[in-house]
Number of protein chains: 2
Amino acid sequence: MNNSPIFILVQPQLAENIGMAARAMLNCGIYEMRLVSPRESHLSEKALAASSGADIILQNARIFSSTEQAIADCDYIYATTARRRGMIKPVCTARFAATEIFSHPHRKCGILFGPERTGLHNDDVCLANSIIEIPLNPEHCSLNLSQAVLLTGYEWYQQAVSAPQQHFSLGKTAFAEKEKTLLFLKTLEDKLNVSGIFKQPEKRKRMLINLRNIFTRTDITEQELNTLYGVINHLNIPSHSSKD
Amino acid sequence: MNNSPIFILVQPQLAENIGMAARAMLNCGIYEMRLVSPRESHLSEKALAASSGADIILQNARIFSSTEQAIADCDYIYATTARRRGMIKPVCTARFAATEIFSHPHRKCGILFGPERTGLHNDDVCLANSIIEIPLNPEHCSLNLSQAVLLTGYEWYQQAVSAPQQHFSLGKTAFAEKEKTLLFLKTLEDKLNVSGIFKQPEKRKRMLINLRNIFTRTDITEQELNTLYGVINHLNIPSHSSKD
């Protein structure tokens with residue numbers, strides 16, 4: 001995808017975490033991984049297994065011996081940190097960074113992620129234009145490496161796809177036209193009338209309003225209406241006359 | 001936190017995943033976990049180790065033998081799914097669900113997460129009012145359980161805290177007033193004038209504009225200005241006369 005940031009893992013310790021980070025990147029449509037002096041191999045069996053099918057990211061990952069070299073061809077760098085550093089630098093959320101990346105389509109962005117145990121060293125943080133701090137429960141904000149990668153990538157992907165926030169899954173059916181829903185309600189009311197359930201006029205009115213609210217509020221479909229007809233036709237509703 | 005949803009893990013298989021889900025919940029300030037027929041114990045050593053300090057969530061987790069029982073006291077249920085089900089139901093993003101939860105402060109919400117291998121069964125999905133589908137790369141959208149928990153919880157937390165999207169980290173210093181920045185630029189320009197670098201008037205103008213842009217664009221602080229004065233005072237800039 002265009003304008004996708006480069007994810008740069010600085011001195012990651014465990015192959016498994018590199019693999020899980022690759023998986024999270026692929027989840028978010030981010031394909032370019034760089035590794036600065038990883039302790040374990042990103043092509044080890046552990047890494048490949050943990051990537052759950054994101055081999056392509058690991059196989060294309062490039063290795064660098066310093067953060068300076070890894071960011072050399074980038075135009076703008078974010079550093080992800082969990083704790084305050086006293087650095088003189090802008091600090092933003094992952095969501096803000098994602099919108100910023102999108103509003104600068106010609107800027108090649110890299111995002112730095114630090115080692116599992118310590119996070120990024122200040123020597124690396126000060127190479128960045130800006131810091132990303134993900135807003136999380138301040139009493140328990142430590143994320144593992146792949147989760148930091150996931151949340152940062154997720155925010156980018158939300159910008160990239162601009163998916164509709166809500167839709168209605170209809171399967172193979174369609175919404176019932178109001179006429180059909182009202183006809184069903186009429187059939188139901190007729191059945192209930194005959195059953196003698198509406199002996200008190202006040203209760204009748206309240207019950208009918210409730211029934212209408214239930215079935216009009218619920219975006220009922222043709223398939224569901226058929227099921228409802230099946231139910232009320234099958235039920236042997238006693239007729240008023242037979243009860244008296 | 002008020003109005004926090006209840007996270008309900010349906011038939012989770014691995015204790016480690018329960019622990020990691022607890023960790024992700026605590027990251028997002030969500031404290032109430034329910035478990036439907038977990039295969040392994042949520043209080044096992046594996047679960048506690050994987051929770052990385054989120055013991056409190058595991059210790060307070062309640063166990064149920066059916067999804068129906070686990071949701072009995074809730075008012076509204078979301079089911080998280082990765083793949084389309086052909087269900088007749090509204091489908092929304094985790095972000096939309098988070099805003100919905102917040103716009104219904106008196107509604108007790110539960111969110112269902114399925115077993116690792118299969119996701120939720122349709123028997124459970126149809127108990128939900130609405131489906132959550134997290135927008136991710138359609139070619140690789142499978143998340144592990146704790147990552148689905150993390151992204152869903154994360155979106156809720158972003159609503160809950162409404163953190164500022166950007167700020168500037170100043171450490172112990174303050175922004176330099178413009179007067180001070182301009183005085184520094186004047187000092188630098190005087191030094192450069194004396195050095196004879198500005199032999200061509202056109203080049204002089206362009207260089208001065210570039211220097212002013214660099215130092216005015218950058219939100220310079222008092223601490224940084226002091227460093228810059230230290231640098232230009234220390235550099236032994238050759239004077240024009242000595243060069244000629």
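Residue numbers here run from 1 along each chain, matching the order of that chain's written sequence. Labels follow written order: the first chain is A, the first ligand is 1, and so on. Restriction of local features to residues with pLDDT of at least 70 applies here, the model being predicted, together with a cutoff of 80 or more for giving and counting side-chain atom pairs; totals for whole chains, interfaces and linings are based on all residues.

**A look at the overall build of chain A**
Formally: Helix and strand labels come from DSSP, where a helix needs a run of H or I of at least four residues and a strand needs a run of E of at least two; each type is numbered from the N terminus. Only C-alpha atoms enter the radius of gyration; for comparison, a globular chain is expected to reach 2.2 Å times N to the power 0.38, where N is the number of residues. Counting other C-beta atoms within 10 Å of each residue's C-beta, where C-beta atoms are placed from the backbone, gives the exposure class: buried for 20 or more, exposed for 12 or fewer, partly exposed between.
Secondary structure summary: chain A contains eleven helices and eight strands in total. Radius of gyration (C-alpha) of chain A: 29 Å, far over the 18 Å computed for a compact globule of 244 residues. Over its C-alpha atoms, taken along the principal directions, chain A stretches across nearly 90 × 40 × 35 Å. Taking all 244 residues of chain A together, 36% fall into the buried category.

**Regarding the interface of chain B and chain A**
Inclusion rule: Contact between residues is assigned whenever the C-beta positions, reconstructed from backbone atoms, fall within 7 Å.
Chain B puts 44 residues into the contact, and the matching count from chain A is 44 residues. Counting only elements with at least two residues in the side of chain B that touches chain A, the list comes to α1 (15-27), β5 (89-92), α5 (94-102), α7 (145-161), β8 (166-169) and α10 (222-234) of chain B. Top element by residues in the side of chain B that touches chain A is α7 of chain B. It accounts for seven residues.

**Description of the relation of the copies chain B and chain A**
This is how the line gets drawn: Residues below a pLDDT of 70 in either copy are left out; the C-alpha atoms of the rest, at least 70 in both, set the least-squares superposition of the copies.
Rotating chain B by 180° about the axis while translating it 0.1 Å along that axis superimposes it on chain A, leaving an RMSD of 0.1 Å. When the rotation and shift are considered jointly, the pair of chain copies conforms to a two-fold rotation axis. In this assembly, 98% of the residues forming the interface of chain B have copies in chain A that are likewise at the interface, indicating an isologous arrangement.

**Thoughts on the sheet that holds strand β2 (residues 33-36) of chain A**
Short version of the rule: Between any two strands, at least two bridges found by DSSP are needed for them to pair. Each axis is a line fitted through C-alpha atoms, taken for helices only over the stretch in contact, and angles between the N-to-C directions span 0 to 180 degrees.
Taken in spatial order, the eight strands make up an open sheet running β3(A)-β2(A)-β1(A)-β6(A)-β4(A)-β7(A)-β5(A)-β8(B), and their pairing is mixed. A strand with exactly one partner marks an edge of an open sheet, and here the two such strands are β3 (62-64) of chain A together with β8 of chain B. The average undirected angle you get between the axes of adjacent strands in this sheet is 30°. Strand direction decides the pairing type here: strand β1 (residues 6-10) of chain A and β2 of chain A, joined by four bridges, are parallel. Across the sheet, Phe7 of chain A pairs through a bridge with Met33 of chain A, a residue of β2 of chain A.

**A word on unusual backbone geometry**
The phi angle of most residues is negative, glycine excepted, and most peptide bonds adopt the trans form. All names here are of chain A. Residue Ser37 is not a glycine yet carries a positive backbone phi of 40°. Take Ser37: it is sitting in the loop between β2 and α2 (45-50). In this structure Ser37 comes out as partly exposed when scored by C-beta crowding, with 15 C-beta atoms within 10 Å.

**Thoughts on the environment of Ser37 of chain A**
Taking the C-alpha atoms as reference, Ser37 of chain A lies 8.9 Å from Leu9 of chain A; in sequence the two are 28 residues apart. In this structure, Ser37 of chain A is in contact with Gln11 and Ser65 of chain A, ignoring residues within four places of it in sequence.

**Quick look at helix α1 (residues 15-27) of chain A**
Three- or four-residue spacings in an α-helix give side chains the same orientation, since the helix completes a turn every 3.6 residues. All names here are of chain A. Applied cut-off: How far a helix is expected to stretch is found by multiplying one less than its residue total by 1.5 Å.
With 13 residues, α1 ought to run about 18 Å at 1.5 Å a step, and its terminal C-alpha atoms sit 19 Å apart, in line with that. Of all 13 residues in α1, twelve are buried, a share of seventy percent or more. Close packing links the buried residues of α1 with β1, β2, α2, α3 (55-60) and α7 (145-161). Looking one or two residues beyond α1, the residue adopting positive phi is Gly29, at roughly 65°.

**Description of helix α8 (residues 178-195) of chain B**
An ideal rise of 1.5 Å per residue puts 26 Å on 18 residues; α8 of chain B measures up with 26 Å between its terminal C-alpha atoms. Gly196 of chain B sits one or two residues past α8 of chain B and shows a positive phi near 85°.

**Re the sheet that holds strand β2 (residues 33-36) of chain B**
In space, the eight strands of this open sheet follow the order β8(A)-β5(B)-β7(B)-β4(B)-β6(B)-β1(B)-β2(B)-β3(B), with mixed pairing throughout. A strand with exactly one partner marks an edge of an open sheet, and here the two such strands are β8 (166-169) of chain A together with β3 (62-64) of chain B. Across this sheet, the average inter-strand angle for adjacent strands is 30°, counted without regard to direction. Across two bridges, the pairing between β5 of chain B and strand β7 (residues 130-132) of chain B is parallel.

**Brief notes about the environment of Ser41 of chain A**
Residue and element names in this part refer to chain A. Mapped onto the elements of the fold, Ser41 is located in the loop between β2 and α2. Note on Ser41: 15 C-beta atoms within 10 Å, which makes it partly exposed. Residues Ser41 and Val231, 190 residues apart in the sequence, show an inter-C-alpha distance of 62 Å. Once residues within four sequence positions are removed from consideration, Ser41 is found in contact with Ala15 and Ala47.

**Remarks on the pairing of β5 of chain B**
Sheet analysis places β8 of chain A next to β5 of chain B, joined by four bridges and oriented antiparallel. Opposite Gln166 of chain A, over in β5 of chain B, you have Cys92 of chain B as the bridge partner.

**Re the pairing of strand β4 (residues 76-80) of chain B**
All names here are of chain B. In terms of burial, β4 is a largely internal element, four of the five residues being buried. The pairing of β4 with strand β6 (residues 109-113) spans four bridges and is parallel. The partner of Ile77 across the bridge, within β6, is Gly110. Both β4 and β7 contribute to a ladder of three bridges, which runs parallel. Residue pairing across strands places Thr80 opposite Ile132, the latter belonging to β7.

**Things to note about the nonpolar core**
Soluble, globular proteins show a tendency: their nonpolar side chains are buried together. Put simply, the test is: For our purposes the nonpolar core covers buried Ala, Val, Leu, Ile, Met, Phe, Trp, Tyr and Cys residues that link as a set through C-beta atoms within 7 Å.
Counting 112 residues, the largest nonpolar core has Ile8 and Met25 of chain A together with Ile8 and Met25 of chain B as the members making the most contacts within it. When near neighbours in sequence (up to four residues on either side) are disregarded, Ile8 of chain B contacts Arg34, Val36, Ala70, Ile71, Gly110, Ile111, Leu112 and Phe113 of chain B.

**Details of the packing of helix α8 (residues 178-195) of chain A against helix α9 (residues 201-217) of chain A**
Residue and element names in this part refer to chain A. Operational definition: Two helices cross in a left-handed way if the nearer one is turned anticlockwise from the farther one by less than a right angle. They cross in a right-handed way if the turn is clockwise. Amino acids are sorted into nonpolar (Ala, Val, Leu, Ile, Met, Phe, Trp, Tyr, Cys and Pro), charged (Asp, Glu, Lys and Arg) and polar (every other residue, Gly among them).
For the pair α8 and α9, interaxial distance at closest approach is 11 Å and the crossing angle is 145°. Crossing of α8 over α9 shows right-handed handedness. Counting all contacts with α8, which are made through Thr181, Leu185, Leu188 and Glu189, the residues of α9 involved are Leu208, Leu211, Arg212, Phe215 and Thr216. Class assignment for the residues of the contact of α8 with α9 results in five nonpolar, two polar and two charged.

Note that all results are geometric; they support no functional claim without further evidence.
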